[in-house]
Amino acid sequence: QMGKKTLPAPPICPSCSRPVPPQALLFDEGYHSHDFYQFERMEELIGNAQVLVFVGTSFQVHVTAVALEHAREHAIPVYNFNTKDMLEPHVR
């Protein structure tokens, strides 16, 4: 138990003064449901990308699936720098 601390209250967002939810999606949520994920900005950046580079990802989250699908549809080169190759050959 050493080093374990309990928060007296959840952190408060400086913009809206509401409690800050954990930065994790619940089962019924999507990235668009929380502004702090900036999902629309990610879609814009991927839409303008000439190449996609992944570093240290397991490819197990929706963001990477969206990016890979976009790259496949638009023939954008994808580079994967991971200690273990997580992409199946048909995805490359």
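Residues numbered from 1 in each chain as written. Predicted model: local features only at pLDDT ≥ 70, side-chain atom pairs only at ≥ 80, totals over all residues. Heavy atoms only, no water.

Q: Go over unusual backbone geometry, please, and point to the residues and values.
A: Of note in this structure, S17 is not a glycine but carries a positive phi near 65°. Tracing the sequence through the fold places S17 in the segment before α1 (39-47). When its relative accessible area of 55% is taken as the criterion, S17 is described as exposed. For A75, which is not glycine, the phi dihedral falls at a positive 50°. Considering the arrangement of structural elements, one finds A75 in the loop between α2 (62-73) and β2 (78-81). (Helix = DSSP H or I, 4+ residues; strand = E, 2+ residues; numbered from the N terminus. Buried < 20%, exposed > 50% of the residue type's maximum accessible area, 1.4 Å probe, protein only.)

Q: I'd like to hear about the pattern of salt bridges, residue by residue, with values.
A: Counted by the stated rule, this structure contains 1 salt bridge. A salt bridge links E44 to R41; its shortest N-O distance comes to 3.2 Å. One end of the pair, E44, and the other, R41, are both in helix α1, 3 residues apart, so they sit about a helical turn from each other. (Salt bridge = Lys/Arg side-chain N within 4 Å of Asp/Glu carboxyl O.)

Q: Please give an account of a nonpolar patch on the surface that cites residues and values.
A: A surface patch of nonpolar side chains, amounting to about 500 Å² of accessible area, comprises V51, V53, V55, Y79 and F81. Contributing elements (two or more residues each) for the nonpolar patch: β1 (52-55) and β2. Tracing the backbone shows F81 in strand β2. (Patch = residues over 30% accessible without salt bridge, like charges linked within 9 Å, V, L, I, M, F, W, Y side chains within 5 Å. Areas by Shrake-Rupley, 256 points an atom, 1.4 Å probe, with all protein chains shown as cover.)

Q: Describe the pairing of β2, naming the residues involved and giving the relevant values.
A: As defined by bridge partners, β1 adjoins β2 across 4 bridges and the pair is classed as parallel. Bridge pairing in β2 links F54 to N80. The parallel pair β1 and β2, bridged by α2, forms a crossover whose chirality is right-handed. (Pairing = 2+ DSSP bridges. Right-handed = clockwise from strand over helix to strand, strands pointing away.)

Q: Provide a residue-level description of the nonpolar core, including the pertinent values.
A: Residues Y31, F39, M42, I46, A49, L52, F54, F59, A67, L68, A71 and I76 constitute the largest nonpolar core, which totals 12 residues. When residues of this core are traced back to their parent elements, those giving at least two are α1, β1 and α2. Leave out the neighbours within four places in its chain, and F39 touches Y31, H32, H62, V63 and V66. (Core = buried A, V, L, I, M, F, W, Y, C linked by side-chain atoms within 4.5 Å. Contact = heavy atoms within 4.5 Å.)

Q: Provide a residue-level description of α2, including the pertinent values.
A: With 12 residues, α2 extends 16 Å between its outermost C-alpha atoms, agreeing within 8% with the 16 Å of an ideal straight helix rising 1.5 Å per residue. Of the positions making up α2, those classed as buried are T64, A67, L68, H70 and A71. The arc that holds every buried residue of α2, seen down its axis, measures 160°, which confines them to one face. Elements in contact with the buried residues of α2: α1, β1 and β2. (Expected span 1.5 Å × (residues − 1). Arc of directions from axis to C-beta.)

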